[in-house]
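Listed here are the chains, written in short residue letters.
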Amino acid sequence: MVNDLKNKASGPFWVKSLILAAIFLLFIVAFMEVKANRELKLARIALSQSPKTAIRHYFQALNWYAPWGSSQVAADELKDLADRLKNEGRVDLAYEAYLRLRGALNAARSFYWPRPDLQSKANDFLANYLADKKISSMGGQGDKIRLYGYYLEIYEDKGNFSEFYGFLVVLSFLGWVFYFVKIIWAFFPLSSEKVPFRQKIYLEKILIIMFVACYVVWILAMKAA
Amino acid sequence: MIKNTLKELISVNYLLGIFSLACVFFYVICATPGYGWRDGPELAVTAVFLDVAHPSGFPLYNLLAKILTWLPLGALAYRVTLFTALTGGAAVFLLGLALKRLHGLDQAEPKYFFLLAPLLFFAFHQGIFAAATEVEVYSLNVALIIALLLCAIKWREGHGLAWLYGGGFLYGLSCGNHASLALYLPVLLLLTFWTRPENMERDNARARLIRLSLLALFFLVGLSIYLFLLIRSQTDRLPVDFGRTNTWVRLWRHISDAKDSDYHFKGVLNYKELFYFLKIQFQNLSSPLIWLALPFFLWGLRFLWLYYQILSVALVVLIGINSFFFYYWIDGSAAFLPTVICFFLLTSLGLGQFGRYLAKYGLASKIGFTALIFFILAGVYLILPQRYREADFDAGFMATELFWPDMANLPPEAIAIHRAQWFSELALHHLYVARPDVALIWHASLVNPHFFSPLVPAKNPRLLYPTLADGSLLPPNTPNFFSYFIFLNMEAGKPVYLQYNDETAELLPYMTPEEPFMWMGRLTLDKWMVDKLIKNGSYATYLKWFRGYIAQLAGGYDPPLAKKAPAYLMYISSPIFRLMTEKNEIKEGILTVETLLTTFSKPDGTFLFPHDVTLNLHAFLANMYRKEKKYSKAIEYAHKLNTLSPFNAYNYYILGLIYDNQAMPTETLAAWRKATEIDKYEISFFYNYSLALAKYKSFDEAISFLTERAKTFDEEKMGNLRDLALKFRDCFLLPPEEIGELPTREDLL
């Protein structure tokens, strides 16, 4: 019985790894949701008394970003708050709300940029705000459209790092490490069976080719990323 | 029956796996949600953009941490922290495996408890815990060291040459995580070159040499991971390119830490202090449990000596190297993690032997359970509440929160100068992303521009070049002269302009009130910045905030804040004290510091502060009493300082100042002479001693002393040529107007 149980428990390595990864992810998701939810509640409590505090808590809820759950609600509510403040004429506070909304969403990016709808709205407001400020600091002089365009371009700049090549860098790195380890184990097995070196190279040519290929891709991808 | 079935089913590996996973969960719960302190923000950025971090660059960490940054959960920095937590769990698991092999455990036994108890303490040891709960390279480093030990054990047990060469390859990769691992080469050689596997029948010098050559080859393949720095820097578009490693020479300087080698290894130069600092280190680490563990540590060492002699020697050598190279870093518990590994490994072995001894009398099971429960309770009571000051328990997104409000409140089109502390880099990055209207200068690029690339990408028109008062434009990579000219312009009352797009703007320094700028005295523009801060009225804000902070600490009504306060103070105290000194608010300064020392003193007369901070506070008091002309008090504190740190040149420097103020030539000269003898690199000590010579003896003697000492100066190592020039100008009594011409090295010599 014990052996049966043991056999069931010991599946292939990748299955065990997947199970472990799933447990880890589940834990992270649950933990982050609890945190985001707590911040969201605090933000709602602070909403009527101090919008500034509410903005801070919404921002912290957004720092526990997940593609679903409380952080999404926080993003929408923070945008609503920013709009409300803007309509009430409290432009500076609205500015802070949009700054934090944009900052938190930017910090939550991975292989995609989350909530492009909110980001573009925030960018639009921020560029407008800065253009107005600039014009007022110049005594009402200045080309609003040019300034707005100038700021918007910078806000919408997503940097020059290529996530695709970044992915290739990491993948090829893991690849050459993996194949090199395989080569070591292939060339120095525990068995005492002697195979001539040249024959060994021929036998393990796939491993060697893969190692070299991954190494080359690693170098090239680092240049391109 | 169920008990027996469970015992059989739960193998050591599963038990270790469950325990390690639990550790990971605990690390995740306690992990800093923001960027943390020190290098965290920088490493988070370098992992996200695959950039070049500070020496030695940490390419392995960046490449592995990058994987977690694709996880669409949480903020980017938090994902990198998750990676760190995972490596912490891996370190615990690997140490468990190593212990299992050394204990010879392959099925459930009561001895597990003797294995798990030290493992529990290892997992929650202050250094390991701190390293696993913030963005740092150390927990990966610990995991790699243990993995290397495991490879050596497997090779010695006769599992084949692959383990030896795999270990060599892993060692190369590991040096790519933290180059300090290269220091442990003698340990690796002991474990490989001088070790013969159990099943190897014949071994001779030739075979060993061949093994060593192949080992070196595989090591080099692993070490080639450093090409990452060279190639990434050559792309010339990194947000953070610390060291600009775009040439082989720069790469080597970066990896070998040439820029800061004097500072990082100054402890090695002062080898006489070794035992003193080891004592301090042990005091810092000690708790009743450490004393309790000491006999088991020795028992474990004895057991290992009998079972695997070379490994026991190797571990002792590892502790020795670790202590010798890092003993000066008395607060850097992370620097001592290799020693921590050895300590827990050997203690666990000792406990295992104890378990075996008890098993003879059929007591192991009961005592094992009791011991485990005792250890857990004692650990919770003694360690958890007081040791984890580094972790941000209150989930305040600390670093982000510090910077954000000030960034948001910067006036439009402001020009911001930020300090060189490298986590400001991320603040600048945030600022850049969030406030494109604000022009940025990274203070470090002012002081040491040859080490850094501009923060703002070159394609961006906001790349800043300082324009001198005469309108000429300074080229960007001008070592040190950059800050030198700005300083001179400011000093002369000339406005300094910054080129901003196609416009120019006057330099308006802006400092964030809470910005923790330590290393205050080390950088060129400090005094100028403090002056500006006072003139701009920020001082009042600063002081108000600081008073409130001290009141909170003294009142103790904010436990989370008070808990991390001693470490936190390290970052905030120096600018405040500096400002108090500048404003001549001596009484308030003395009162504040004495309150702090009383609040954070321990019954045994030591303090809760990190050792550095304790020294700083005593030095501050000695200086303040000197300014108050209460010389007996000043000397009392200077002597206390000497008791706390007897080999510190700065103590003698302060003592000299006190004697000098009282016009006591013999004592002044003796104290300052001693300072120059202890620290052969600090210019201000030479400067003061030479001035005292000129004042109390003869000008010729001063010149002769300086000329002699100037020959030992290495321009690269000294770094700050401007400082040197200013000091020499004063020493040689040059008229102030001649400061415009910076003397060359030849002139000085």
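Right above here is the structure, for reference.
Since the model is a prediction, treat every value here as computed from it, not as a measurement.

**Quick look at the overall build of chain A**
Stage number 1. The number of helices and strands found in chain A is 10 helices and zero strands.
Stage number 2. The linear arrangement of helices and strands in chain A, starting from the amino end, is α-α-α-α-α-α-α-α-α-α.
Stage number 3. Each of the 225 residues in chain A was classed as buried or not, and the buried ones make up 34%.
Stage number 4. Sequence-distant contacts, at least 24 apart, represent 58% of the contacts inside chain A between residues at least 6 apart.

**Here's the deal with the environment of Leu 43 of chain B**
Residues and elements named next belong to chain B.
Stage number 1. Relative to the helices and strands, Leu 43 resides in helix α3 (residues 40–49).
Stage number 2. A residue is classified by how many C-beta atoms lie within 10 Å of it, and Leu 43, with 30 of them, is buried.
Stage number 3. Taking the C-alpha atoms as reference, Leu 43 lies 8.4 Å from Val 137; in sequence the two are 94 residues apart.
Stage number 4. Among all residues touching Leu 43, those that are not within four sequence positions of it are Ala 53, Phe 58, Tyr 61, Val 80, Val 135, Glu 136 and Val 137.

**Regarding the packing of helix α2 (residues 13–47) of chain A against helix α4 (residues 70–87) of chain A**
Think of two packed helices as two axes; the pair is described by the angle between the axes and how far apart they sit.
All names here are of chain A.
Stage number 1. Relative orientation of the contacting elements α2 and α4 amounts to 30°, with a least axis distance of 8 Å. By the angle between their axes, α2 is roughly parallel relative to α4. Crossing of α2 against α4: the hand is left-handed. Along the contact surface, α2 presents Glu 33, Ala 36, Asn 37, Leu 40 and Ala 43, while α4 presents Ser 70, Ser 71, Val 73 and Ala 74.

**Considering the environment of Ala 702 of chain B**
Stage number 1. Position of Ala 702 of chain B among the secondary structure elements: in helix α35 (residues 699–710).
Stage number 2. Judged by local crowding, Ala 702 of chain B falls into the buried class, with 22 C-beta atoms found within 10 Å.

**Comments concerning the packing of helix α3 (residues 51–63) of chain A against α4 of chain A**
Residues and elements named next belong to chain A.
Stage number 1. Following both chains from N to C, one finds α3 and α4 inclined at 150°, their axes separated by 9 Å at the closest point. As far as their axial angle goes, α4 and α3 are roughly antiparallel. Like other packed secondary-structure pairs, α3 and α4 cross with a definite hand, here left-handed. Only Ser 70, Ser 71, Ala 74, Ala 75, Glu 77, Leu 78, Leu 81 and Leu 85 of α4 make contact with α3, whose side of the interface consists of Pro 51, Ala 54, Ile 55, Tyr 58, Ala 61 and Leu 62.

**Section: unusual backbone geometry**
Residue and element names in this part refer to chain B.
Stage number 1. Positive phi, normally seen in glycine, also occurs at Phe 58, with a value near 50°.
Stage number 2. Within the secondary structure layout, Phe 58 lies in the loop between α3 and α4 (59–68).
Stage number 3. The phi dihedral of Ala 663 is positive, around 55°, even though this residue is not glycine.
Stage number 4. Within the element layout of this structure, Ala 663 appears in the loop between α32 (649–661) and α33 (665–678).
Stage number 5. You can call Ala 663 exposed: it has 9 C-beta atoms within 10 Å.

**Section: helix α2 (residues 12–30) of chain B**
Residues and elements named next belong to chain B.
Stage number 1. For α2, which comprises 19 residues, the first-to-last C-alpha distance of 27 Å matches the rise-based estimate of 27 Å (1.5 Å per residue) to within 8%.
Stage number 2. Three or more residues of α2 are buried, namely Val 12, Leu 16, Ser 20, Cys 23, Val 24, Tyr 27, Val 28 and Cys 30. One face of α2 carries all of its buried residues, which in axial projection span an arc of 165°.

**As for helix α31 (residues 631–644) of chain B**
All names here are of chain B.
Stage number 1. Between its first and last C-alpha, α31 extends 20 Å over 14 residues, near the 20 Å set by a 1.5 Å rise per residue.
Stage number 2. Buried within α31 are the following residues: Ala 634, Tyr 637, Ala 638 and Leu 641. Each buried residue of α31 lies within a common arc of 100° when the element is viewed along its axis, so the set occupies one face. In this structure, α31 carries Ser 632 and Thr 643 as exposed residues pointing more than 90 degrees from its buried face.

**Observations concerning the environment of Ala 131 of chain A**
Residue and element names in this part refer to chain A.
Stage number 1. With respect to the helices and strands, Ala 131 occurs in helix α6 (residues 116–137).
Stage number 2. C-alpha separation for the pair Ala 131 and Leu 152, spaced 21 residues apart in sequence, amounts to 9.6 Å.
Stage number 3. Sequence-distant contacts of Ala 131, defined by excluding residues within four places in its chain, comprise Lys 144, Leu 147, Tyr 148 and Tyr 151.

**Quick notes on the nonpolar core**
Looking at soluble globular proteins, one finds that nonpolar side chains tend to be buried together.
All names here are of chain B.
Stage number 1. Leu 95 and Ile 146 are the most contacted members of the largest nonpolar core, which has 179 residues in total.
Stage number 2. With residues near it in sequence (within four places) discarded, Ile 146 still touches Ala 91, Leu 94, Leu 95, Ala 98 and Ile 341.
Stage number 3. Val 613, Tyr 652, Ala 692 and Leu 706 belong to the second-largest nonpolar core, a separate cluster that totals 33 residues.

Calculation rules
Residues numbered from 1 in each chain as written. Chains lettered and ligands numbered in written order. Predicted model: local features only at pLDDT ≥ 70, side-chain atom pairs only at ≥ 80, totals over all residues. Helix = DSSP H or I, 4+ residues; strand = E, 2+ residues; numbered from the N terminus. Buried ≥ 20, exposed ≤ 12 C-beta atoms within 10 Å, placed from the backbone. Contact = placed C-beta atoms within 7 Å. Axes fitted to C-alpha atoms, helices over the stretch in contact; angles between N-to-C directions. Parallel < 35°, antiparallel > 145°, perpendicular 65-115°, else oblique. Left-handed = near helix turned anticlockwise from the far one by under 90°. Expected span 1.5 Å × (residues − 1). Arc of directions from axis to C-beta. Core = buried A, V, L, I, M, F, W, Y, C linked by C-beta atoms within 7 Å.

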